[in-house]
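Next come the chains, spelled out residue by residue.
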Amino acid sequence: MGRITTRRPILKLTLGEGASRRADTLAVEEPLEIRVAGSPLAVTMRTPGHDVELAAGFLVSEGIIAETAEFHSAIHCGGPGTGGQENTYNVLDISLAHGVALPDPDAARRFYTTSSCGVCGKASIDAVRTVSRHPVSDDDVQVDAEQIAAFPDRLRAEQAAFDKTGGLHAAALFDADTGEMLVLREDVGRHNAVDKVVGWALLNDRLPLHRQILQVSGRASFELVQKAAMAGIPLLSAVSAPSSLAAELAEESGVTLIGFVRGRSMNIYTHAHRVRIGADSLGPSAHSEEGAHHAR
């Protein structure tokens, strides 16, 4: 339970120097079946550990819950039917609070998501444009560009499992006012790492995550912007590139999207008014943009 890495014998080949046998450390990837009130909802390939956070964050991302009070409890159980089968800790059953609507059986994601994709299999793009109960458009937070530029190195410095395997994504939440790193999670799936961060926030009664910054170790895909918007996170910063759809959703939902945050440079794709250099904002506020649009 909860193991993150494993050892495996390999043949190490170096051209010009020959081959040798050794043990290598790998990131663990195992399926997690998420159930709600005993009914299967989804299966995701993940790195074991912080499973309750992962499931809680997933439910927030899917719009099933949005507040701590709506989450009651979670328990690992056995396999299909749980009829006396050994508990492998790969099935997690979530109980919602009394009165919270259960997921629509017709909308349940009864398939697995890969470690590289958190929305694979959705019927259409429109189906994942879930309406957030924590809108971010009015979040007036501003973050100094110097602070944003430092986030990737701070994230990397805390990636203990990545140091051993080189195969895990990470997501961290930073407080915009203090610069404090509140939480960091690693996983083979970038979307899982974000779900674990959001789930941590839900279980610690921190939603919505206004005035917070989400920093991720890889690219900014559509589903990561979606998860940020659903959790009320106004700013998403990524080490690598965003996709076109990620930028479109960030623009629509009011999320400031920043990519290629490397060294002293970064690309700001949407809502640049939340980034400042010294005392100067890099763009008009969302309200100013809206006013300019109406003026035209």
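Residues numbered from 1 in each chain as written. Predicted model: local features only at pLDDT ≥ 70, side-chain atom pairs only at ≥ 80, totals over all residues. Heavy atoms only, no water.

A. Highlighting the packing of helix α4 (residues 190-203) against helix α5 (residues 222-231). Contact pair α4 / α5: the axes reach a minimum separation of 10 Å and the direction vectors enclose 10 degrees. If you check the angle between α4 and α5, you find them roughly parallel. Facing α4, whose interface residues are R190, H191, V194, D195 and V198, α5 presents E223, L224, K227 and A231. Here the contact of α4 with α5 is built from residues that sort into 4 nonpolar, 1 polar and 4 charged. (Axes fitted to C-alpha atoms, helices over the stretch in contact; angles between N-to-C directions. Helix = DSSP H or I, 4+ residues; strand = E, 2+ residues; numbered from the N terminus. Parallel < 35°, antiparallel > 145°, perpendicular 65-115°, else oblique. Contact = heavy atoms within 4.5 Å. Nonpolar A, V, L, I, M, F, W, Y, C, P; charged D, E, K, R; others polar.)

B. Geometry of the environment of R21. Topologically, R21 is positioned in strand β2 (residues 18-27). Look at R21 and you get exposed, because its relative accessible area is 71%. Separated by 11 residues in the primary sequence, R21 and I10 have C-alpha atoms spaced 5.8 Å apart. Beyond its immediate stretch of four places on either side in the chain, R21 contacts I10 and L11. (Buried < 20%, exposed > 50% of the residue type's maximum accessible area, 1.4 Å probe, protein only.)

C. Quick look at the sheet that holds strand β11 (residues 212-216). The 6 strands are arranged β10-β9-β11-β12-β13-β14 in an open sheet whose pairing can be described as mixed. Strand pairing shows two members of the sheet lacking a second neighbour, β10 (181-187) and β14 (265-268), which therefore form its edges. Looking at each pair of strands side by side, their axes are set apart by 20 degrees on average, direction ignored. Lying on the sheet, helix α2 (residues 145-157) is in contact with β9 (169-175), β10, β11, β12 (235-238), β13 (256-262) and β14; it crosses β9 at an angle near 140 degrees. (Pairing = 2+ DSSP bridges.)

D. Region of interest: the packing of aromatic side chains. Evaluation of the coordinates by the stated rule reveals 1 aromatic pair. Geometrically, the ring pair formed by F151 and F174 is stacked, given 4.1 Å between the ring centres and 20 degrees between the ring planes. Taken together, the residues F151 in helix α2 and F174 in strand β9 connect sequence positions 23 residues apart. A residue is classified by how much of its surface remains accessible, and F174, at 0% relative accessible area, is buried. (Phe/Tyr/Trp six-rings, centres within 6.5 Å; stacked < 30°, edge-to-face > 60°.)

E. Geometry of the nonpolar core. Counting residues in hydrophobic clusters, the biggest one holds 51 residues, and the most contacted among them are L59, I65, I94, L214 and L236. With 7 residues, the top contributor of residues to this core is α4. Apart from residues lying up to four places away in sequence, L59 is in contact with V36, L41, I64, I65, I94 and L96. Counting 18 residues, the second-largest nonpolar core is a separate cluster that includes I148, F174, L184 and L235. (Core = buried A, V, L, I, M, F, W, Y, C linked by side-chain atoms within 4.5 Å.)

F. Representation of the packing of α5 against helix α6 (residues 244-253) within the structure. Contact geometry of α5 with α6 gives a least axis separation of 8 Å together with a crossing angle of 20 degrees. By the angle between their directions, the pair α5 and α6 is classed as roughly parallel. Crossing hand, α5 versus α6: right-handed. The residues of α6 that touch α5, namely those facing F222, V225, Q226 and A229, are L245, A246, L249, A250 and S253. (Left-handed = near helix turned anticlockwise from the far one by under 90°.)

G. Main features of the pairing of β10. β10 sits mainly inside the fold: 6 of its 7 residues count as buried. By the bridge criterion, 6 bridges tie β9 to β10 in an arrangement that is antiparallel. In the strand pairing of β10, A170 is matched with E186. Following β9, the chain reverses through 5 residues before pairing antiparallel with β10; G179 in that reversal takes a positive phi of roughly 80 degrees.

H. Molecular detail of α5. Here α5 lies mainly inside the structure; 10 of its 10 residues are buried. The complete set of buried residues in α5 reads F222, E223, L224, V225, Q226, K227, A228, A229, M230 and A231. On its buried side, α5 packs onto α1 (51-61), α4, β11, β12, α6 and β13.

I. Examining the environment of V28 more closely. Along the chain, the position of V28 falls in the loop between β2 and β3 (30-36). Considered as a pair, V28 and V188 are 160 residues apart in the sequence and their alpha carbons are 7.8 Å apart. If sequence neighbours within four positions are ignored, V28 has contacts with R3, I4, T5, T6, R46, T47, P48 and V188.

J. Region of the structure containing the pattern of salt bridges. Under the defined criterion, the tally for this structure stands at 11 salt bridges. Where D24 meets R22, a salt bridge forms, and the shortest distance between an N and an O atom there is 3.6 Å. In this structure, R211 and D140 form a salt bridge, with 3.1 Å as the shortest nitrogen-oxygen distance. One end of the pair, R211, is in the loop between α4 and β11; the other, D140, is in the loop between β7 (112-113) and β8 (143-144), with 71 residues separating them in the sequence. Of the residues examined, D140 reaches a relative accessible area of 61% and is grouped as exposed. (Salt bridge = Lys/Arg side-chain N within 4 Å of Asp/Glu carboxyl O.)

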